Amino acid sequence: MEKRQLGKTDMQVTRLGVGLSEIGFGGISEEVAADVLNAALDGGINFLDTAECYNVSEELVGKAVSHRRSEYFLATKTGHVSGGYTGQEWTAQTVSDSIDRSLKRMKTDYVDLMQLHSCGIKK
């Protein structure tokens, strides 16, 4: 699988990654999600992209492939008010809390790329 440098980082990611909104919103079983994620890793893909606002996507990543954490780069998004959390979107506190929740859901102690996702511009 061909790899490229991600921006100015030292990460060499596969040109093909896995966007995980569908496993979060698609209503698929944990077993099917695990099959998809493990097949991607077995096939040489090393970049997984999810978000806290993709329903159960982060939880499924944690359950299915956290034991293979050294095999992939993990990107997620932050800053949303979702999953029962109360607060104001895009504040420092919400971003910080969001990161902590994501780490717990994905059963990892680090994320390779954390992104702000769909944040509006305040006037």
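All values derive from a computational prediction rather than experimental measurement. (Residues numbered from 1 in each chain as written. Predicted model: local features only at pLDDT ≥ 70, side-chain atom pairs only at ≥ 80, totals over all residues. Heavy atoms only, no water.)

S.K.: Pulling in residues and values, what's your account of the overall build of the chain?
M.R.: Scanning the chain from N- to C-terminus turns up four helices and six strands. Helices and strands appear in the chain in the N-to-C order β-β-β-α-α-β-α-β-α-β. In terms of C-alpha radius of gyration, the chain reaches 14 Å, essentially the compact-globule figure of 14 Å for 123 residues. Taking the principal axes of its C-alpha atoms as reference, the chain extends roughly 45 × 35 × 25 Å. Looking at the chain residue by residue over its 123 residues, the buried ones come to 43%. Once local pairs closer than 6 in sequence are excluded, the contacts in the chain between residues at least 24 apart make up 69%. Looking at the chain as shown, the accessible area adds up to about 7000 Å², and 52% of this sits on carbon and sulfur atoms. Here the chain holds 14 positive side-chain charges and 17 negative ones, and the gap between their average locations is 6 Å. (Helix = DSSP H or I, 4+ residues; strand = E, 2+ residues; numbered from the N terminus. Rg over C-alpha atoms; globule rule 2.2 N^0.38 Å. Buried < 20%, exposed > 50% of the residue type's maximum accessible area, 1.4 Å probe, protein only. Contact = heavy atoms within 4.5 Å. Areas by Shrake-Rupley, 256 points an atom, 1.4 Å probe, with all protein chains shown as cover. Lys, Arg positive; Asp, Glu negative; His and termini not counted. Charge placed at Lys NZ, Arg CZ, Asp CG, Glu CD.)

S.K.: Outline helix H2 (residues 30-42), listing residues and values.
M.R.: The end-to-end C-alpha distance of H2, which contains 13 residues, comes to 18 Å, matching closely the 18 Å that a straight helix rising 1.5 Å per residue would cover. Where H2 is concerned, the buried positions are Ala33, Ala34, Leu37, Asn38, Ala40 and Leu41. Along the long axis of H2, the arc covered by the buried residues comes to 155°, so they all point the same way. Those residues of H2 that are exposed and aimed more than 90 degrees away from the buried face are Glu31 and Asp42. Its buried side turned inward, H2 meets strand E3 (18-19), helix H1 (21-25), strand E4 (47-49) and helix H3 (57-65). Glycine 44 lies just past H2 and shows a positive phi near 100°. (Expected span 1.5 Å × (residues − 1). Arc of directions from axis to C-beta.)

S.K.: Can you lay out unusual backbone geometry for me, pointing to particular residues and giving the numbers?
M.R.: Phi at asparagine 55 is positive, roughly 55°, even though this residue is not glycine. Of note, asparagine 55 is situated in the loop between E4 and H3.

S.K.: Just give me the short version of the sheet that holds strand E5 (residues 73-78), but keep the residues and values in it.
M.R.: The four strands are arranged E3-E4-E5-E6 in an open sheet whose pairing can be described as parallel. The strands lining the two open edges of the sheet, one partner per strand, are E3 and strand E6 (113-116). As paired elements, E4 and E5 share three bridges and run parallel to each other. Note on E5: the bridge partner recorded for leucine 48 is leucine 74. Docked against the sheet, helix H4 (residues 92-105) engages E5 and E6, running at close to 140° with respect to E5. (Pairing = 2+ DSSP bridges. Axes fitted to C-alpha atoms, helices over the stretch in contact; angles between N-to-C directions.)

S.K.: Outline the pattern of salt bridges, supporting the account with residue identities and numerical values.
M.R.: One pass over the full model with this rule turns up ten salt bridges. One salt bridge connects arginine 4 with glutamate 2, and the closest N-O pair in it is separated by 2.8 Å. In this structure, the salt-bridge partner of arginine 101 is glutamate 52, at a minimum N-O distance of 2.8 Å. Note that arginine 101 is positioned in helix H4 and glutamate 52 in the loop between E4 and H3, a separation of 49 residues in sequence. Residue glutamate 52 is classed as buried on the basis of its relative accessible area of 5%. Residues joined by salt bridges that share partners form a network here, namely Glu52, Glu58, Arg101 and Arg105. (Salt bridge = Lys/Arg side-chain N within 4 Å of Asp/Glu carboxyl O.)

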